[in-house]
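These are the residues of each chain, in order.
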Protein chains: 2
Amino acid sequence: MAVYTDIRDDELAAYLTLYDIGLLHSLKGIAEGVENSNYLMATDAGMFVLTLYEKRVKAADLPFFLGLMDHLAARGMNCPRPVAMRNGQMLGRLAGKPSAIVTFLDGVSVRRPSADHCRQVGAQLARLHLSAADFPIRRPNALTLENWRPLFESSAERCHEVEPNLGDFIRAELDHLERRWPSGLPSGVIHADLFRDNVFFLKDELSGIIDFYFACNDLLAYDLAICLNAWCFEQDWSFNVTKARSMLQGYMSGRPLSRQEFDALPVLARGSALRFLLTRLYDWLNVPPGALVVPHDPLEYLAKLRFHQGVDKAEAYGLDFADAAGAR
Amino acid sequence: MAVYTDIRDDELAAYLTLYDIGLLHSLKGIAEGVENSNYLMATDAGMFVLTLYEKRVKAADLPFFLGLMDHLAARGMNCPRPVAMRNGQMLGRLAGKPSAIVTFLDGVSVRRPSADHCRQVGAQLARLHLSAADFPIRRPNALTLENWRPLFESSAERCHEVEPNLGDFIRAELDHLERRWPSGLPSGVIHADLFRDNVFFLKDELSGIIDFYFACNDLLAYDLAICLNAWCFEQDWSFNVTKARSMLQGYMSGRPLSRQEFDALPVLARGSALRFLLTRLYDWLNVPPGALVVPHDPLEYLAKLRFHQGVDKAEAYGLDFADAAGAR
């Protein structure tokens, strides 16, 4: 949860005059996202989310994030749409921070997704990949293969505090991934963080996706591997192959995977599991004094990584490629 | 800010069937109140606040708090009104905690109140005191005169960490207050925590008051003294006598103070300042590891206490009693 910055009422009133959304009715700091300060805001024109970008988000990346949401919303996707100021700009400045106002999305995230939820998430992810294909700005992924080893080194000395011999385990995995990481797969804009908190449902129908602040350019199938890890394991960290099949079917109903992408899923899933293991490990070992955020457990992603290490072929995720391709 | 408890979507859906407010559209943890977990909730029937009562609130006190809000709302006051379940009960149970749903109030709190804001707060406080006069449940104030010395003793050993000689200063003040605390003044239900965060305005008109979880029975004029301390000092902790006069006039427009109450304001203001100094001191010295709340600065209330120590007569708060009484 995250509200790092207080906003003075007079500066907020002045800020809102830059927009055509009327007067303020209500403002509540909300516990959503860990990178920024978010406020649920009601005005004459309805409900919005006001975001102040804190220092963990690079100001230079904001045109990519806001432009992407605007681009996707213009193509009919249910995602927050930045509200333009009267001068046409989407990026403002409030309380000394870069800021934006986006539309509010109805819906609630699910804690225990069903196979049908997973199918819808897969289909929505495919739609995102297709809709973003002509988005003109590029943002390299700052948390992909070549970043993982330096990220690990920053935790290497203390990672045995989390589990004995974890350092050796991660080094061996890095060696493996650096040898086996696929090249030549389709690349494009990925969400890169489509966890359960970031997908809303209304009456079990997917109603929107939020939090594009990790979006970047990378392998499209890697985004699907991130979702497999985030959605298809149970609370006890066991893998649910029915949910995985459903998610893959949902994705392929919108954007069929190539044979190469399908076959790469196990290594991409290992990479995705390692990426979240490494960031969680870092956050776990570096909780700042007075932190407002409780770090996620790195061991969850260690368990997921171990599962994928035991996967030989992508068929283990519940789908026969020939059948899936033929079913279309 | 405070969201201590996660709610599973399935248990929330089941809980909402106990109410007649339709299906869930949206749920956001909000940064409001430090004692409980609060969620802004939209359903078919509109906007509500869902509260889970955490362990700092005694379950035995909940009928007082919920009953008081219901009582005041029934008398036309703009405060959150508990929504009754189909079975007539206001107090429920969710995620293993006592819980309630109350109506949502429009409005925003002001950071830098004007004299007119202070006048409205005074008038609203008087209205609360009058409206609650026939509320049948009683709740003794757990943070009044006789509780202050034991509360201080729990911080006494380490209070020099906040300021040198603070212990001697507080002991002398306790001696003074125990000798001079007034008796025989009108008593009733007080809000006891009507700080700026707990009062909403819309276009500079007071639109509601919230957070009744310190409400209790005590001297009515003591509640006014709490508000003088919370509203009539500037950001640099200097006293603004124009705002104080305005607040007293607002209060007396609804409920005239007796001569005895008026004359007691300086000692009540000292007591109120000491009460918040002591709780802030305790919280400051006892921040739990992993705390989600940044404690308030105890020195703010030390400065306010010192100001009131220099006040000889209540006229120093900007109002001549005979004039104020005659003006009605």
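Residues numbered from 1 in each chain as written. Chains lettered and ligands numbered in written order. Predicted model: local features only at pLDDT ≥ 70, side-chain atom pairs only at ≥ 80, totals over all residues.

Asker: Tell me about the overall build of chain A, and name the residues and values.
Answerer: Looking only at helices and strands, one finds 10 helices and nine strands in chain A. Against the compact-globule benchmark of 20 Å for 328 residues, chain A has a radius of gyration of 20 Å, which places it among compact chains. Taken over the C-alpha atoms alone, chain A extends approximately 60 × 50 × 35 Å along its principal axes. The buried share of chain A, taken over its 328 residues, is 43%. (Helix = DSSP H or I, 4+ residues; strand = E, 2+ residues; numbered from the N terminus. Rg over C-alpha atoms; globule rule 2.2 N^0.38 Å. Buried ≥ 20, exposed ≤ 12 C-beta atoms within 10 Å, placed from the backbone.)

Asker: So what about the packing of helix 8 (residues 259-285) of chain A against helix 9 (residues 298-309) of chain A? Which residues, and what values?
Answerer: All names here are of chain A. Packing of helix 8 against helix 9 brings their axes to within 8 Å, and their N-to-C directions diverge by 160 degrees. One way to sum up the angle between helix 8 and helix 9 is to call them roughly antiparallel. Along this stretch, helix 8 crosses helix 9, giving a crossing that reads as left-handed. Contacts from P266, A269, R270, A273, L274, F276, L277, R280, L281 and W284 in helix 8 reach P298, Y301, L302, K304, L305, H308 and Q309 in helix 9. Broken down by class, the residue content of the contact of helix 8 with helix 9 amounts to 12 nonpolar, two polar and three charged. (Axes fitted to C-alpha atoms, helices over the stretch in contact; angles between N-to-C directions. Parallel < 35°, antiparallel > 145°, perpendicular 65-115°, else oblique. Left-handed = near helix turned anticlockwise from the far one by under 90°. Contact = placed C-beta atoms within 7 Å. Nonpolar A, V, L, I, M, F, W, Y, C, P; charged D, E, K, R; others polar.)

Asker: With reference to specific residues and values, describe the interface of chain A and chain B.
Answerer: Contacts between the two partners involve 27 residues from chain A, matched on the other side by 27 residues from chain B. At the level of secondary structure, the elements contributing two or more residues to the side of chain A that touches chain B comprise helix 1 (9-16) and strand 1 (24-29) of chain A. It is strand 1 of chain A that contributes the most residues to the side of chain A that touches chain B, six residues altogether. Along the lines of polarity and charge, the residues of the side of chain A that touches chain B split into 13 nonpolar, five polar and nine charged.

Asker: Describe the relation of the copies chain A and chain B, naming the residues involved and giving the relevant values.
Answerer: Take chain A, turn it by 180 degrees, move it 0.1 Å along the axis, and it overlays chain B with an RMSD of 0.0 Å. What we have between these two chains is a two-fold relation. When each C-alpha of chain A is compared by its distance to the rotation axis, A:I30 comes out closest, at 2.2 Å. A symmetric contact is evident, with 100% of the interface residues of chain A recurring at the interface of chain B. (Least-squares fit on C-alpha atoms with pLDDT ≥ 70 in both.)

Asker: Now, about the sheet that holds strand 4 (residues 92-94) of chain A: what can you tell me, with residues and values included?
Answerer: Residues and elements named next belong to chain A. Taking strand neighbours across the sheet as the criterion, the five strands line up as 1-2-3-5-4 in an open arrangement whose pairing is antiparallel. Looking at the sheet topology across the chains shown, the edges are occupied by strand 1 and strand 4. Each strand of the sheet is rotated relative to its neighbour by a mean of 35 degrees, with strand direction disregarded. Of the strand pairs in this sheet, strand 4 and strand 5 (residues 97-103) are connected by three bridges, and their pairing is antiparallel. Across the sheet, residue L94 finds its bridge partner in strand 5, namely K97. (Pairing = 2+ DSSP bridges.)

Asker: Before we move on, could you go through helix 7 (residues 241-254) of chain A and cite the residues and values that matter?
Answerer: The end-to-end C-alpha separation of helix 7 of chain A is 20 Å, in line with the 20 Å expected for 14 residues at 1.5 Å each. Of all the residues in helix 7 of chain A, the buried ones are A:K243, A:A244, A:R245, A:S246, A:M247, A:L248, A:G250, A:Y251 and A:M252. (Expected span 1.5 Å × (residues − 1).)

Asker: Which residues make up the environment of A:A244, and what values do they have?
Answerer: Residue and element names in this part refer to chain A. Looking at the secondary structure, you find A244 in helix 7. A C-alpha to C-alpha distance of 16 Å links A244 and R255, two positions 11 residues apart in sequence. Ignoring any residue separated from it by four or fewer positions in sequence, one finds A244 in contact with L228, C232, Y317 and G318.

Asker: Can you break down the pairing of strand 5 of chain A residue by residue, with the values?
Answerer: Residues and elements named next belong to chain A. Here five bridges tie strand 3 (residues 46-52) to strand 5, and the two strands are oriented antiparallel to one another. Residue pairing in the sheet places L52 in a bridge with S99 of strand 5. Where strand 4 hands over to strand 5, the hairpin turn is made up of two residues, of which A95 adopts a positive phi near 55 degrees.

Asker: I'd love a proper account of the sheet that holds strand 4 (residues 92-94) of chain B, names of residues and values included.
Answerer: Residue and element names in this part refer to chain B. Strand order in this open sheet of five strands is 1-2-3-5-4, and the pairing throughout is antiparallel. Since the sheet does not close on itself, it has two edges, and those belong to strand 1 (24-29) and strand 4, each with one partner. Strand-to-strand twist across the sheet, computed as the mean angle between neighbouring axes with direction ignored, equals 35 degrees. Where helix 1 (residues 9-16) meets the sheet, its contacts fall on strand 1, strand 2 (37-43) and strand 4, and the angle it forms with strand 4 comes to roughly 165 degrees.

Asker: Mind laying out the domain arrangement of chain A, listing which residues take part and the relevant values?
Answerer: All names here are of chain A. Domains assigned within chain A are domain 1 (9-103) and domain 2 (115-327). If you look at the interface, domain 1 gives 18 residues, while domain 2 gives 17 residues. Looking at the side of domain 1 that touches domain 2 residue by residue, the class counts come to 11 nonpolar, four polar and three charged. (Domains from an automatic or database assignment.)

Asker: An account of helix 4 (residues 145-156) of chain B is requested, with residue identities and associated values reported.
Answerer: Residue and element names in this part refer to chain B. Given a rise of 1.5 Å per residue, 12 residues ought to cover 16 Å, and the 17 Å separating the end C-alpha atoms of helix 4 matches this to within 8%. Buried within helix 4 we find W148, F152 and S155. One side of helix 4 carries all its buried residues, which in axial view fall inside an arc of 65 degrees. Turned more than 90 degrees from where helix 4 packs its buried face, E146, P150 and E153 sit exposed. If you follow the buried residues of helix 4, they end up packed against helix 5 (166-180) and helix 8 (259-285). (Arc of directions from axis to C-beta.)

Asker: Before we move on, could you go through the environment of A:F169 and cite the residues and values that matter?
Answerer: On the secondary structure map, A:F169 appears in helix 5 (residues 166-180). Between the C-alpha atoms of A:F169 and A:W148, which are 21 residues apart in sequence, the distance is 14 Å.

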